Amino acid sequence: MNQPAPEKPPVVLELQGVRKSYLLPDGSRLPVLNIPHFTMLQGEQVVLMGRSGSGKSTLLHIISGIARPDAGKVIVDGVDITQLSEPARDLFRAERIGYVFQTFNLLAGFTALENVLLAMSFGRRRADEKRAVDLLTRVGLNHRLDHRPSALSVGEQQRVAVARALANRPKLLLADEPTASVDVGHQKQIIDLLRTTCEQEQVALLLVTHSPEVAEQFERIEELEELNQVETSSAAS
Ligand code: ADP
Ligand code: MG
């Protein structure tokens, strides 16, 4: 009868008092984010919704360390990345965070396989060609390993981007409107792929979308306007 309580997965992302503003050309500051607290657990899948211009991309940039907040802590896998130097943040991101961009950001001069291998080479581990091929196989591109982005369909390019984001076994995968540039027919495929591969590897997934159809597949839906306590002087349009 003495069943141990089910263990709660560890926290993989914690934001504390994160504020971000942009400096405008007239010297004033545009406050964009003020997020008192936000957490995600290992392997958790969260969808983030919000109007255009509400700060979703800014938030993902801060979580990934591409941008620094004005204040607050961004703790990823136990490390407050706001305390790291820029090169250390870049290395940390390469090793523990995957990022899928709306416009894929694949390197045009490299094949699908090389794009994934290159992502591996940014981390500290040695590039693992077997894993790169395995990831591309999982996204259904084992017959397209030697194609450059220009010789891939848009949906295929985004599938390469998904494989690349998982290259280094990240703890957290950030996806910023990953289906916005993909035709409707392939949107579900990309989302399913992200969700399945993240689940297989216990990667936490934070996915930004505009689409209610995408959002409703997720158990946890967050509205940025509810998380965000920022006071904007001029009401956003
Ligand atoms: P979302 O991704 O939700 O559409 P963003 O995070 O891209 O929103 O932008 C949030 C707000 O910050 C917008 O009002 C945008 O105009 C402004 N913004 C974004 N980047 C900059 C910048 N580099 N300088 C000034 N303002 C910016
Ligand atoms: Mg955006």
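Residues numbered from 1 in each chain as written. Chains lettered and ligands numbered in written order. Predicted model: local features only at pLDDT ≥ 70, side-chain atom pairs only at ≥ 80, totals over all residues. Heavy atoms only, no water.

## A short note on the pattern of salt bridges
One pass over the structure, following the stated rule, counts eleven salt bridges. The residue glutamate 225 makes a salt bridge to arginine 51 at a minimum N-O spacing of 2.6 Å. Linking glutamate 225 in helix α8 (residues 224-227) with arginine 51 in the loop between β3 (45-49) and α1 (56-64), this pair joins segments that are 174 residues apart in sequence. Since its relative accessible area comes to 35%, glutamate 225 is described here as partly exposed. With a closest N to O distance of 3.1 Å, aspartate 90 and arginine 93 form a salt bridge. Taken together, the positions of aspartate 90 and arginine 93, both in helix α2 (residues 86-96) and three residues apart, correspond to about one turn of that helix. Members of the salt-bridge network, linked through shared partners, are Arg131, Asp134, Arg138 and Glu201. (Salt bridge = Lys/Arg side-chain N within 4 Å of Asp/Glu carboxyl O. Helix = DSSP H or I, 4+ residues; strand = E, 2+ residues; numbered from the N terminus. Buried < 20%, exposed > 50% of the residue type's maximum accessible area, 1.4 Å probe, protein only.)

## As for the site of ligand 1
Near ligand 1 the following residues occur: Tyr22, Leu30, Val32, Arg51, Ser52, Gly53, Ser54, Gly55, Lys56, Ser57 and Thr58. One nitrogen or oxygen atom from the main chain of glycine 53 is found 2.7 Å from an oxygen atom belonging to ligand 1. Between ligand 1 and serine 57, the relevant distance is 2.9 Å, taken from an oxygen atom to a main-chain nitrogen or oxygen of the residue. Protein chains shield 59% of the accessible area of ligand 1, which is 560 Å² for the free molecule. When contributions to the shell around ligand 1 are tallied by element, the ones reaching two or more residues are β2 (29-41) and α1. Of all the elements, α1 adds the most residues to the shell around ligand 1, at three residues. (Near = heavy atom within 4 Å. Polar contact = N/O pair within 3.5 Å; in protein donor to acceptor, adjacent residues only side chain to side chain. Areas by Shrake-Rupley, 256 points an atom, 1.4 Å probe, with all protein chains shown as cover.)

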